[in-house]
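Inside the fold
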Amino acid sequence: LEPKEEFEHSSLAVDVMRPRRGDPALAVLTQDGMTVGEVETLVESTHYSGFPVVVSQESQRLVGFVLRRDVLISIDNARKRQDGIVSASQVVFTEHTPAQPPEAPPPLRLRGIMDLSPFTVTDHTPMDITVDIFRKLGLRQCLVTHNGRLLGIITKKDILKHMAQMANRDPDSILFN
Ligand code: ADP
């Protein structure tokens, strides 16, 4: 095998995705059940550009992907312009709004800002295929799943860093660039 081929076949999505072992868990939003205040706290406690939306923390079934700036702008606008939206309002990404407890403030529907079909690969997808898709589709990030459960995320920068590391370890694999 040429070094290039060796590189291409040896790295898998699971080797490049975040979080790494020992990192904090993937920061996700749930499709319902979180309040405006909880969503703001989660988004503002990190610098990530986006957040996967899942059915529930337990299931980790992927529903979509939202960009940090869209979440923050939408909440800001809703607080200013939408009657009754407060920190305790439930944020809802589902198609139908779940029944709210009596006395609860009105929910904030954010399905409209969610990408409903974010690109995903499985953990065992070879990186050469993933890189090819990033290039061809002009992706900024892609999500990684295993048996339908969300495992991690790969950004364009993660790929560039991984390529640089590989090139360091084995200068011939710079061919990959
Ligand atoms: P970039 O990689 O361009 O800096 P981000 O700021 O979104 O983009 O991501 C920074 C790092 O955090 C990357 O390594 C990425 O894989 C990881 N990351 C991105 N989004 C999340 C998230 N929601 N939860 C955990 N890690 C994330």
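Residues numbered from 1 in each chain as written. Predicted model: local features only at pLDDT ≥ 70, side-chain atom pairs only at ≥ 80, totals over all residues. Heavy atoms only, no water.

Digging into the pairing of strand S3 (residues 50-54)
- Of all five residues making up S3, five are buried, and the element is well covered by its neighbours.
- Both faces of S3 are covered, namely the face carrying Gly50, Pro52 and Val54 and the face carrying Phe51 and Val53.
- Pairing between S3 and strand S4 (residues 62-67): five bridges, direction antiparallel. Bridge pairing in S4 places proline 52 opposite phenylalanine 65. (Buried < 20%, exposed > 50% of the residue type's maximum accessible area, 1.4 Å probe, protein only. Helix = DSSP H or I, 4+ residues; strand = E, 2+ residues; numbered from the N terminus. Pairing = 2+ DSSP bridges.)

Some thoughts on the side chain of aspartate 158
- Checked against the element boundaries, aspartate 158 lands in helix H6 (residues 156-169).
- The residues touching aspartate 158, leaving out its near neighbours within four places in the chain, are Val16, Arg18 and Ile153. (Contact = heavy atoms within 4.5 Å.)

Description of the site of the ligand
- Taken together, the neighbourhood of the ligand is formed by 13 residues, with Arg18, Ala27, Ser49, Thr155 and Asp158 sitting nearest.
- At 2.8 Å from a nitrogen atom of the ligand is found a main-chain nitrogen or oxygen belonging to alanine 27.
- Within the side chain of aspartate 158, a nitrogen or oxygen atom sits 2.4 Å from an oxygen atom of the ligand.
- A total of 540 Å² of accessible area belongs to the ligand in isolation, and the protein chains cover 81% of it. (Near = heavy atom within 4 Å. Polar contact = N/O pair within 3.5 Å; in protein donor to acceptor, adjacent residues only side chain to side chain. Areas by Shrake-Rupley, 256 points an atom, 1.4 Å probe, with all protein chains shown as cover.)

A look at the sheet that holds strand S6 (residues 108-109)
- Taken together, three strands build an open sheet; the order of strands is S2-S5-S6 and the sheet is mixed. The sheet terminates laterally at strand S2 (34-35) and S6, the two strands that pair on one side only.

Examining the pairing of strand S9 (residues 149-155)
- Pairing geometry for strand S8 (residues 141-146) and S9, over six bridges, is antiparallel. Bridging across to S9, leucine 143 finds its partner in isoleucine 153.
- Taken together, S8 and the strand that follows it, S9, pair antiparallel across an intervening segment of two residues, in which asparagine 147 is found at a positive phi of about 50°.

Here we look at the domain arrangement of the protein
- Here the domain parsing of the protein yields domain 1 (1-17 + 123-177) and domain 2 (23-117).
- Each side of the interface is counted separately: domain 1 has nine residues, and domain 2 has 10 residues.
- Contact between domain 1 and domain 2 buries roughly 810 Å² in total, counting both sides, with carbon and sulfur atoms accounting for 66%.
- Per-residue buried area on domain 1 facing domain 2 is highest for Leu143, Arg149 and Leu150; these three make up 60% of the total on that side.
- The tally of links from domain 1 across to domain 2 stands at zero salt bridges.
- For the side of domain 1 that touches domain 2, the secondary-structure elements that each account for two or more residues are S8 and S9.
- When residues of the side of domain 1 that touches domain 2 are assigned to their parent elements, the largest contribution, five residues, is made by S9.
- For the side of domain 1 that touches domain 2, the class distribution of residues is four nonpolar, four polar and one charged. (Domains from an automatic or database assignment. Buried area = accessible area lost by both parts, 1.4 Å probe. Salt bridge = Lys/Arg side-chain N within 4 Å of Asp/Glu carboxyl O. Nonpolar A, V, L, I, M, F, W, Y, C, P; charged D, E, K, R; others polar.)

Description of the pattern of salt bridges
- What the rule picks out here adds up to five salt bridges.
- With its nearest N and O atoms 2.7 Å apart, the salt bridge here joins glutamate 40 to arginine 79. Residue glutamate 40 is found in helix H3 (residues 36-44), and its partner arginine 79 is found in helix H4 (residues 68-81); the two are separated by 39 residues along the sequence.
- Notably, a salt bridge pairs aspartate 70 with arginine 69, separated by 3.9 Å at the nearest N-O pair.

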